Amino acid sequence: MKRVLNVGGASKAIPIPVHYQGWDHVLLDVDANQRPDVVCDARELKNLPGDLYDAVYCSHNLEHYWRHDMPRVLGGFVHVLRSHGFAEVAVPDLKAVFADVLRRGLDLNDTLYDSDSGPITVNDVIYGHGKQIAASGRDFYAHKNGFSQPALAAALRDAGFAWVFTSPGPYEVRALAFKREPTPEQRALLKLPT
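These figures come from a predicted structure and were not determined experimentally.

Conventions used here
Residues numbered from 1 in each chain as written. Predicted model: local features only at pLDDT ≥ 70, side-chain atom pairs only at ≥ 80, totals over all residues. Heavy atoms only, no water. Phe/Tyr/Trp six-rings, centres within 6.5 Å; stacked < 30°, edge-to-face > 60°. Helix = DSSP H or I, 4+ residues; strand = E, 2+ residues; numbered from the N terminus. Buried < 20%, exposed > 50% of the residue type's maximum accessible area, 1.4 Å probe, protein only. Arc of directions from axis to C-beta. Contact = heavy atoms within 4.5 Å. Pairing = 2+ DSSP bridges. Axes fitted to C-alpha atoms, helices over the stretch in contact; angles between N-to-C directions.

What follows is about the packing of aromatic side chains. What describes a pair of aromatic rings is the distance from one ring centre to the other and the angle between the planes of the rings. This model, assessed by the stated rule, comprises 8 aromatic pairs. Where Tyr20 meets Phe86, the ring centres are 6.4 Å apart and the plane angle is 15°; that geometry is what we call stacked. Of this pair, Tyr20 sits in the loop between strand S1 (3–7) and strand S2 (24–29) while Phe86 sits in strand S5 (residues 81–92), and the two are 66 residues apart along the sequence. An aromatic cluster of at least three residues, connected via ring pairs, comprises Tyr20, Trp23, Tyr57, Phe86, Phe165 and Phe178.

If you want it as structure tokens, here you go:
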């Protein structure tokens, strides 16, 4: 059975992409209160056994680490992945946010968009969801880093991913990063260009 490590996913109740259906879903989180399968700071992934996972899924978690920690976090992804493994990453796209802020004439405390959690302000995207941080009292929910498509792709390549595909979403960048050239099975599963 294929295995996916969900880094910083908070809860298995939060859905992950459907292409992982039927995979062994292993949740890793720094917050033991979330009851993850593995309690670990993503900066310490190299302390886990290597070559265990076919994929690492990391949605809106990398921005919670300082820029100088990116080599450790992403190097940890490379470490835990099998030889043909890949990482799937989503982060806020600050370039898209700033462009929309300028276009719409928004201020930092103005609502950028509405989510299931309520209104999300410009400040929430840049620095972390203020209401969540205040309610939890946990500073690790704050954002410490920012990304654009080129910045995320460069960080993944610098960490040792040989093949990186990025795509924009509304206010986010998504990336698929591979240690080796994607297999035909991976290309079909992830709808990658051939």
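Moving on, we get to helix H5 (residues 149–158). Taken residue by residue, H5 has Leu152, Ala153, Ala155 and Leu156 as its buried positions. Taken around the axis of H5, the buried residues stretch over an arc of 160°, which confines them to a single face. Looking at H5, the residues exposed on the side facing more than 90 degrees away from the buried face are Pro150 and Asp158. On its buried side, H5 packs onto helix H1 (70–80), S5, strand S8 (163–169) and strand S9 (172–178). Trailing H5 by a residue or two, Gly160 shows a phi angle of about 115°, which is positive.

This part covers the sheet that holds S2. Pairing within the open sheet is mixed, and its 7 strands lie in the order S3-S2-S1-S4-S5-S9-S8. Edge strands, defined here as strands with exactly one partner in the open sheet, are strand S3 (38–39) and S8. The pairing of S8 with S9 spans 7 bridges and is antiparallel. Bridging across to S9, Val164 finds its partner in Ala177. With respect to the sheet, H1 is in contact with S1, strand S4 (53–59) and S5, its orientation differing from that of S5 by roughly 145°. Its contacts with the sheet place H5 against S5, S8 and S9, and it is angled at close to 155° to S8.

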